[in-house]
Structures are given as C-alpha cells and as structure tokens.
Amino acid sequence: MADLKEPAGRLVAQNRKARHNYLIEETLEVGIMLTGTEVKSLRGGRANIAESYAHIAGDEVILVNVYIPEYPPAHSSQQHDTRRPRKLLLHRREIDSLAGQLKQGGMTLVPLTLYFNPRGIAKVRLGLARGKSKVDKRESEKARDWKRQKERLMREKG
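None of these values were measured; they are calculated from a predicted model.

1. Section: the overall build of the protein chain
The number of helices and strands found in the protein chain is 4 helices and 7 strands. For the protein chain, the α and β elements follow one another from N to C terminus as β-α-β-α-β-β-β-α-β-β-α. For the protein chain, the C-alpha atoms occupy an extent of roughly 65 × 40 × 30 Å along the three principal directions. Within the protein chain, the proportion of its 158 residues that are buried is 34%. Put simply, 68% of the contacts in the protein chain that link residues at least 6 apart link residues at least 24 apart.

This is the structure in structure tokens:
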C-alpha cells in the first residue's frame, strides 16, 4: 500500500497543496468509474482535484468535488455533470483497511494525482493523510529552505 513511485503514465491533474496541508502516511493507486465524455475530457488534460476528497459511503469509496469539464464535441444530452461524485474501484479488504484507519480520527483520504497508466486506464493516487498544524507547516518549510541552501553551498564549494 505504501507505494511512493510516481505514476508511469500521463499525468492529468495533481493536487500540489496536499503535501503542504497534510502529512501523507500511505498512498495507494485506485481505479475510477468514469463516463465516456469524462474520459475524453481527461485525455484533453483538463481536470482539477485541488479541493477534492474521498470518503467511505456504505461499502464503497466515493471521490467528491473533482472538476472534470464538459467535452465540447459531445451532444448536450450526453454531457456529464462536472462535479458529480465518482466511485473509486478498490477491493473489499482495501476498503475495510481504509475504514479502520479512518476511524482512528484525524485521518482523511486525499487524491494526490489523477493520471492514465501505461495501458490507458484512468487512475487516482490516493493518500491516507493527517492534517498538519501551522507549526508543522512552518517546520517543513524551514527544512525545505535549509535543504535548498545546503545544496547551493555544496555547489559553490564544488
């Protein structure tokens, strides 16, 4: 479950603020149920997952508030709702495991990236995350700045 590799396929959308606002403890790759016009629109590379999240409803995981724009060439009767809840595809044991971890409190499911894998299938990389406080955010920013300065000094010393 703790797969930290970058997606091998074509990236469609990325949640850049997720790593700033949350401490990502685990990641997992899941499938997503989409309609035809949604897939066509995603292949155009236009989507937004910045304000989205996932939650467990009954026995399925739902991705909420993902913006996938309408596909202009499609007929108006075939268009999809741009912010409809979308079902994520996981095995039962994965859903049960996530439900147990989410019940611990302070945990949430955040989509990190939306991409097409090498086979052309739309995937979402979910992160099991814990919210950061302002102090944690400042500390991580200081560590990042120090790392950048250290690299700069090492280059100059050469």
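2. Concerning the layout of surface pockets
In this structure, the second largest pocket spans a volume of roughly 150 Å³. Every residue lining the second largest pocket is listed: N15, K17, A18, N21, Y22, A50, E51, S52, Y53, T108, L109 and V110. Looking at the lining of the second largest pocket, the element that brings in the most residues is strand 6 (residues 107-116), giving 3 residues. Taken together, the residues of the lining of the second largest pocket break down into 6 nonpolar, 4 polar and 2 charged.

3. Description of the side chain of S52
Within the secondary structure, S52 is located in the loop between helix 2 (36-43) and strand 3 (53-57). There is a polar contact of 2.8 Å between the side chain of S52 and the backbone oxygen of I49. The residues touching S52, leaving out its near neighbours within four places in the chain, are V64, N65, V66 and P111.

4. Comments concerning the nonpolar core
One finds L88, L90, V124 and L126 to be the most contacted residues of the largest nonpolar core, which totals 24 residues. Secondary-structure elements contributing two or more residues to this core are strand 1 (10-14), strand 2 (22-32), strand 4 (60-64), helix 3 (92-102), strand 6 and strand 7 (122-131). Other than its neighbours up to four places away in sequence, V124 contacts L28, E29, V30, I32, L63, L88, P111, T113, L114 and Y115. Within the second largest apolar cluster, 5 residues are counted, among which are A18, I24, V110 and L112.

5. What to know about helix 3
Note: α-helices contain 3.6 residues per turn, so residues at a spacing of three or four share the same orientation. Restricting attention to buried positions, one finds in helix 3 the residues I95, L98 and Q101. The arc that holds the buried residues of helix 3, viewed along the axis, is 130 degrees, so those residues lie on one side. In this fold, the buried residues of helix 3 make contact with strand 2, strand 3, strand 4, strand 6 and strand 7.

6. Some words on the pattern of salt bridges
Under the criterion given, the structure shown has 7 salt bridges. Salt-bridge contacts for R130 lead to E25; the nearest nitrogen and oxygen are separated by 3.1 Å. With R130 in strand 7 and E25 in strand 2, the pair connects residues that are 105 residues apart, well separated along the chain. R130 sits in the partly exposed class, given a relative accessible area of 30%. The salt bridge involving E38 is made with R84; its shortest N-O contact spans 2.8 Å. On the criterion of sequence distance, the pair formed by E38 in helix 2 and R84 in the loop between strand 4 and strand 5 (86-89) is long-range, its members being 46 residues apart.

Conventions adopted
- Residues numbered from 1 in each chain as written.
- Predicted model: local features only at pLDDT ≥ 70, side-chain atom pairs only at ≥ 80, totals over all residues.
- Heavy atoms only, no water.
- Helix = DSSP H or I, 4+ residues; strand = E, 2+ residues; numbered from the N terminus.
- Buried < 20%, exposed > 50% of the residue type's maximum accessible area, 1.4 Å probe, protein only.
- Contact = heavy atoms within 4.5 Å.
- 1 Å grid on protein atoms, 1.4 Å probe; cavity = no way out; pocket = protein on both sides within 12 Å on 5 of 7 lines; lining within 4 Å.
- Points joined across faces, edges and corners; volume = space filled by probe spheres on them.
- Nonpolar A, V, L, I, M, F, W, Y, C, P; charged D, E, K, R; others polar.
- Polar contact = N/O pair within 3.5 Å; in protein donor to acceptor, adjacent residues only side chain to side chain.
- Core = buried A, V, L, I, M, F, W, Y, C linked by side-chain atoms within 4.5 Å.
- Arc of directions from axis to C-beta.
- Salt bridge = Lys/Arg side-chain N within 4 Å of Asp/Glu carboxyl O.

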